[in-house]
Amino acid sequence: MGLLHEPHDLQDFAAEARRFLDAHAAKAPDRTAFTWGEGDDSMAYFSSLPPEEERAQVQRARAWQRIRYENGFGWITGPPEYGGRGLTPVHDLVYDAVESDYDVADTGVLSVIGLGMIGPTVLAHARPHIKDRWLPALYRGDAIACQLFSEPGAGSDLASVATRAVREGEDWVLNGQKVWTSVAQHSQIGVALTRTNPDAPKHRGITAFLVPMDAPGVDVRPLRQMTGGADFNEVFLTDVRIPDDHRLGEVDGGWSVALTTLMNERATVGSEGAGPVAAALSPDRLSALMRATWTWDDRALRARLAELLVDAMATEHLNTRALRTLRGGGTPGPEMSVSKLMYGQNLTRAAHFVSDVLGPRIIADTGRWGTYAWSELLLATPALRILGGTEEIMKNILAERVLGLPKEPVTAAAKEVRP
Amino acid sequence: MTADESELRELRSSVREFLAAKSPEEAVRKLMESEERYDPAVWAQAADQLRLPGLVIPEEYGGDGFGQVELGVVLEEMGRALLCAPFFATVVLAAQALLASGDKEACARHLPGIAAGRTTATLAVAEDDGSWDPALISARAVPDGDGGWRVSGRKSFVIDGTTADLLLVVARTVAGPSLFAVDRETTGLAATSMETLDATRAMARLTLDAVPATLVGADGAGGRVMAKVLDIISVGLAAEQAGGARRCLEMSAEHARTRQQFGRPVGSFQAVKHKCADMLVQVELAEAASREAALLADEGSDEFPVAAAVAHACCSKAYMVAAMENIQVHGGIGFTWEHPAHLYFRRAKSSQLLFGGPAVYHERLLDRLGI
Ligand SMILES: Cc1cc2nc3c(=O)[nH]c(=O)nc-3n(C[C@H](O)[C@H](O)[C@H](O)COP(=O)(O)OP(=O)(O)OC[C@H]3O[C@@H](n4cnc5c(N)ncnc54)[C@H](O)[C@@H]3O)c2cc1C
């Protein structure tokens, strides 16, 4: 990792991180010495754990996040007045690199949405006392957050949200339905997009709110996904009263709040690298799989493996470069959208590559280590081409915003503003 | 016997009507989570009302003597409906293996029961590595001294292996791979169901401990029989795949026509339009490849082996593409358990790999072409 050979403050920081981790965590088994048949062979991207086990896992995530926070590594880039460390995104990256040598709890349930997307949104748009209340709680692992954006009628076309928020004195009253809300079942807060002005053009009539998930009228119902488990939910909002100070940004100015979240979503989804995802693209793991199936000298498979690794590694470089840009105080360009697009494609190709290597061994469970387990990744991959913006939407963004290509002709219907 | 175009259409519509009534999505979902994995009453009706199990069984064995073309029509429809029934195992795998063996006695013993829908059967070839190559088989058979045999070993990925009345097992003798008939009710046989990627196709693991068995065909002829069988059953599978792919395409086109985003149907976006058109291209190729191969089989053409390999590869790819893109066109809803898209995705992946997967079928094609 080139970023570790950087100015001494980074080296000092890395040494400090190592001291902290030595004191609180065990070293991870040497990943280069990966042995086929040993350890956990789970390739689950979405959990399909029984509820108690899932709750226990959430508790482990929280506990580890708290230790990180109390030792100054829970919110490395956050402003000190809200409990952050005030360092740069590169410090964050350095910490991640150091931590990857240690065996620590998977904190995805907290970090992907809450810390990666909602935290930055609250920081940018909430009132100071709301930030005081929720930011330390989020980064300390006390609170989990979800993104209440999508609705049955508003997916790719997010600006057509129909959930209504109506002002009543100092409060707003929310009514509507959200869908596909990941981790809502574990969340204490959510950021919701609502329609506050049905007469304005659709992007300009939206207001964002911070919704306490225990507010009366918030009803979270699990939605089973094709992998079998239920990581996402439907969230029904019925006469939910939200005080005006929980508003994020301006009245009718919620679209810019949404953009903050979406920008961070691309960054998080694209650069997420832990757990089964890393394993799926790990040269060690994949080559061990080929050895175990006697396909090691299959030329066609080797060529495909090489292609797969080239894309995965180039995507990693793209992420690193985006972080370098951030470090220089710049804003990354199209890297994040490219990265998000490639993330879904890399894993999809990896899953199909693995199933070609395994052949029938992935279609039914013979009990052999590391074979049928891959079906879990295979079944998760369709989601990765959809969540956080579909492949088609990401390509539209690249074509229109980066290349300046014209939009598809707008029909009369599209000009109408949907309530 | 050969049906003409209008008879084929009639066959298709009566099978489709039957499946719409007997194998709607709710029934498929109920059965795939049940112990039995199929509904014996529906199976009996398929036999009594439509005579489906006997469709391709020669008249001398109590069947109607139709060919692969007619069978293909039925399999396309079953693939569309994801029917949970022992049809593929019994009529495609087992019956074709019996016929390919050339063993008239075995055919006379087993085929009439199959044709009448009284006997269900399957073919057990693959072991733990999933390979259908008889050369890689380790189950063994030894003569019992009384003209019979005893088979020992293990079989995996056996379709309907926990329910089939008759198990045709490939095992090795001194003379080489050979085909044996094993009765479900015999001693020394244990079958456990496997957890499967495609829940609509039940699979089992068999443990055979000196199980009494009858040789089918000549001792040591298993390799030759299997080569023949693999062609015919992969064309059967191809028809099923083509039917499933067509259904995915229809679902996608329907959704793209009706789902509104940005004030217009998502199908009006060129990105989605092209996706659907790409699916259509795959589906058309798949239907052509599987139907043509079936026709060549019925004609006894020399071109059949190549066409069979083409159909297997083409339909495997087409179905996988259609099943993946079907989810994509549906967006978030396509990723839910309640939506049928994942059932097709599971079936597509499982079928693609059933007889070994792309590496195997690509090699077989090149081999057939003398490359
Ligand atoms: C596992 C999972 C987790 C999720 N988690 C969350 C969450 O936590 N919070 C949240 O708010 N949302 C979440 N989502 C929702 C996700 O953001 C939406 O599903 C996604 O944006 C697509 O919207 P849609 O499902 O309505 O599909 P649609 O928008 O209906 O798309 C249908 C098809 O049309 C295509 N399409 C649509 N518009 C265009 C266009 N202009 N040009 C070309 N093609 C187009 C799409 O690419 C797709 O193929 C999650 C989704 C999944 C699958």
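Residues numbered from 1 in each chain as written. Chains lettered and ligands numbered in written order. Predicted model: local features only at pLDDT ≥ 70, side-chain atom pairs only at ≥ 80, totals over all residues. Heavy atoms only, no water.

Enquirer: I would appreciate a short explanation of the overall build of chain B in the present structure.
Expert: In terms of helices and strands, chain B carries eleven helices and nine strands. Against the compact-globule benchmark of 21 Å for 371 residues, chain B has a radius of gyration of 20 Å, which places it among compact chains. With respect to the three principal axes, the spread of C-alpha positions in chain B is 80 × 45 × 40 Å. When each of the 371 residues of chain B is scored for burial, the buried share is 63%. When the accessible surface of chain B is summed, it comes to about 14100 Å², and 52% of that surface belongs to carbon and sulfur atoms. Each charge sign in chain B was given a centre, from 36 positive and 50 negative side chains, and these centres are 5 Å apart. (Helix = DSSP H or I, 4+ residues; strand = E, 2+ residues; numbered from the N terminus. Rg over C-alpha atoms; globule rule 2.2 N^0.38 Å. Buried < 20%, exposed > 50% of the residue type's maximum accessible area, 1.4 Å probe, protein only. Areas by Shrake-Rupley, 256 points an atom, 1.4 Å probe, with all protein chains shown as cover. Lys, Arg positive; Asp, Glu negative; His and termini not counted. Charge placed at Lys NZ, Arg CZ, Asp CG, Glu CD.)

Enquirer: Looking at this structure, I do not really get the nonpolar core. What am I missing?
Expert: Counting 160 residues, the largest nonpolar core has Trp 374 of chain A together with Leu 123, Trp 132 and Leu 168 of chain B as its most contacted members. Take this core: its biggest share by element is 15 residues, from helix H7 (residues 222-258) of chain B. Leaving out residues up to four positions away in the same chain, Trp 132 of chain B has contacts with Leu 93, Leu 123, Val 125, Ala 126, Met 226, Leu 230, Ile 233, Leu 354 and Phe 355 of chain B. In this structure, Ile 113, Ala 165, Val 191 and Val 235 of chain A belong to the second largest nonpolar core, which totals 54 residues. (Core = buried A, V, L, I, M, F, W, Y, C linked by side-chain atoms within 4.5 Å. Contact = heavy atoms within 4.5 Å.)

Enquirer: Before we go on, may I ask you to explain the interface of chain A and chain B in this structure?
Expert: When the parts of a complex come together, some accessible area is lost, and that lost area is often used as the size of the interface. On the side of chain B, 45 residues touch chain A, which itself brings 48 residues to the contact. In total, chain A and chain B occlude about 4000 Å² of area from one another, counting both sides; carbon and sulfur atoms represent 61% of this. On the chain A side of the contact with chain B, Arg 224, Met 226 and Ile 363 of chain A bury the most area, a combined 18% of that side's loss. Scanning the region where chain A abuts chain B turns up three salt bridges. Across the salt bridge formed by Glu 325 of chain B and Arg 385 of chain A, the nearest N and O atoms sit 3.3 Å from each other. Between the two partners, chain A and chain B, sit 21 residue pairs in polar contact (both at pLDDT 80 or more). Elements that contribute at least two residues to the side of chain A that touches chain B include exactly helix H10 (335-358), helix H11 (375-384), helix H12 (391-402) and helix H13 (412-415) of chain A. Top element by residues in the side of chain A that touches chain B is H11 of chain A. It accounts for six residues. Looking at the side of chain A that touches chain B residue by residue, the class counts come to 23 nonpolar, 14 polar and eleven charged. (Buried area = accessible area lost by both parts, 1.4 Å probe. Salt bridge = Lys/Arg side-chain N within 4 Å of Asp/Glu carboxyl O. Polar contact = N/O pair within 3.5 Å; in protein donor to acceptor, adjacent residues only side chain to side chain. Nonpolar A, V, L, I, M, F, W, Y, C, P; charged D, E, K, R; others polar.)

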